[in-house]
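# Summary of the model geometry
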Amino acid sequence: MNKPLQQLINQQGQAEFGVFAQPVLQINYQDFDLRTPMDRRLGALAKYLKFNQFQFIGLTNSRFLLGIAIVDLKWVGHAFVYCYDLTSHELSEFSFKQLFSVKTKIDLQPNAGEALFVSGKNSIKITASSEPGQRVVEVHLPVLTLSALIAEQQPYQPLALCTRAGYQGWVYTQKTAARLCSGSLIWQQQHYDLQALATLASVDWTAGFMRRETSWNWASLSCFLADGRRFGLNLAAGVNETGFTENALWLEDKLVKLGSSHFQFTRQDATASWLITTEDSQVNLRFVPANYRSEKVNLGFLASNFKQHMGRFYGEIRLGDELLVLDGVWGLTEDHYAKW
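Here is a short report on the structure shown in this document.

Here is what the cut-offs are and how they apply
Each chain has its residues counted from 1, running along the sequence as written. Where totals are concerned, whole chains, interfaces and linings use all residues; where local detail is concerned, this predicted model gives features only for residues with pLDDT of at least 70, and gives and counts side-chain atom pairs only at 80 or more. The basis for every side-chain value is the complete set of heavy atoms in the structure, and neither hydrogens nor water enter the calculation. The rule is short: rings of Phe, Tyr and Trp, with Trp giving its six-membered ring, pair when the centres are within 6.5 Å, and they are stacked under 30 degrees, edge-to-face over 60, tilted in between. Working definition: helices are DSSP H or I runs of at least four residues, strands are E runs of at least two. Numbering for both runs from the N terminus. Type-normalised accessible area, obtained with a 1.4 Å probe on protein chains alone, sets the label of each residue: buried when under 20%, exposed when over 50%, and partly exposed for intermediate values. For a Lys NZ or an Arg CZ to count as sitting over a ring, it must be within 6 Å of the ring centre and within 35 degrees of the ring normal. Nitrogen and oxygen atoms within 3.5 Å of one another constitute a polar contact, given that in protein one can donate a hydrogen and the other can accept it, and given that sequence-neighbouring residues count only through two side-chain atoms. Residue contacts follow a heavy-atom distance rule, with two residues in contact if any of their heavy atoms lie within 4.5 Å.

## A short note on the packing of aromatic side chains
- Going through the model one piece at a time under the given rule, you end up with 23 aromatic pairs.
- Measuring from ring centre to ring centre gives 6.0 Å for W75 and F301, while their planes differ by 80°; the resulting arrangement is edge-to-face. Of this pair, W75 sits in the loop between strand 3 (64–72) and strand 4 (76–85) while F301 sits in the loop between strand 21 (283–298) and strand 22 (303–319), and the two are 226 residues apart along the sequence.
- Note on W75: relative accessible area 36%, which makes it partly exposed.
- You can call F301 partly exposed: its relative accessible area is 41%.
- What links up through ring pairs into an aromatic cluster is the set Y29, F32, F51, W170 and F209.
- The side chain of R286 reaches across the aromatic face of Y314, ending 5.1 Å from its centre.

## Let's talk about unusual backbone geometry
- Backbone torsion omega between E131 and P132 reads 10°, so that peptide bond is classified as cis.
- With respect to the element layout, P132 can be found in the loop between strand 8 (122–129) and strand 9 (134–141).
- Between Q154 and the following residue, P155, the backbone shows a cis peptide bond with an omega angle of 0°.
- Relative to the helices and strands, P155 is located in the loop between strand 10 (144–151) and strand 11 (159–165).
- Phi angles above zero are rare outside glycine, and H89 is one such case at about 65°.
- The topology assignment puts H89 in the loop between strand 4 and strand 5 (91–99).
- For H89, a relative accessible area of 41% gives the class partly exposed.

## Description of the side chain of N111
- In this structure, N111 sits in the loop between strand 6 (104–106) and strand 7 (114–119).
- A polar contact is formed between the side chain of N111 and the side chain of Q174, at a distance of 3.1 Å.
- Each residue touching N111, except ones within four places of it in the same chain, is listed here: P23, A128, S129, S130, R135, E152, Y156 and Q174.

## Some words on the side chain of D85
- Along the chain, D85 turns up in strand 4.
- D85 sits in the buried class, given a relative accessible area of 3%.
- Engagement of the side chain of D85 in a polar contact is seen with the backbone nitrogen of T87, the distance being 2.8 Å.
- Here S88 takes part through its backbone nitrogen, which lies 3.1 Å from a polar atom of the side chain of D85.
- When neighbours within four sequence positions are excluded, D85 is seen to be in contact with R63, E90 and W187.

Listed below in structure tokens is the structure:
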């Protein structure tokens, strides 16, 4: 097995691009030779202000979909938590923002660092450790408490890649899906055992000098197939695809790369189905939305038009000679415009 890359930025001040066999240990962005489009070198403060980070955790089981995010845009820190009841279709959501990312931090080690957001009595903490290989998610809100342990011990094959972003930037992203998850959730005065509910987790750790203005579509799901095998899927279009893509599936612990993806949907109709395919013909899915959380922010120099849908996937995944059929599997899609 290839040794993991110790640092993303090499001795020449340039990012290493490509899909990595193992996750990069440290995203040493301050060593990057960041310049303006006219080749003027930028200093440490400019690098700090232009460097964006976020981490998203998705939990799925037969009872609910749970999403947790911490976002550090330097000018503003943002976090959200939502819980969607698959039985009652009730959506509980909580969103927080703090200027200048006060009490917001995301360490630079994707598999050995901490992400933290605190706002008053509300706190979200995500702690990763390579030994024994786990990611612990702790959420404390007045009406929701979560303590979840996501298994990341070997065999563990996240998708890790770095791509160019615009003229002078880059983005490192690390994603995985269908990871086993244990722990507990207290929500609406009810206690849920995550392992007893056969909960699966997805993880998205992303950082970089992103395009000033960007947009993307995204799909993610984690489920158990009819034969009991764990299956996860991550598809994206519009971002992180300069030479490489972040499209992949996981069957049990095995990572399989997929070709470029295409999302066909009606932005103005939140109830209309999506058609999601890949150019290699391995993925042919229909997504039927059931609910969504959205947020629009326009501060001039910062803007976001975000809509994340919860719904069901129907269709087929062709994997070699095997055909995997999805019949109403719950998951997420996203339509996002950002200026940062």
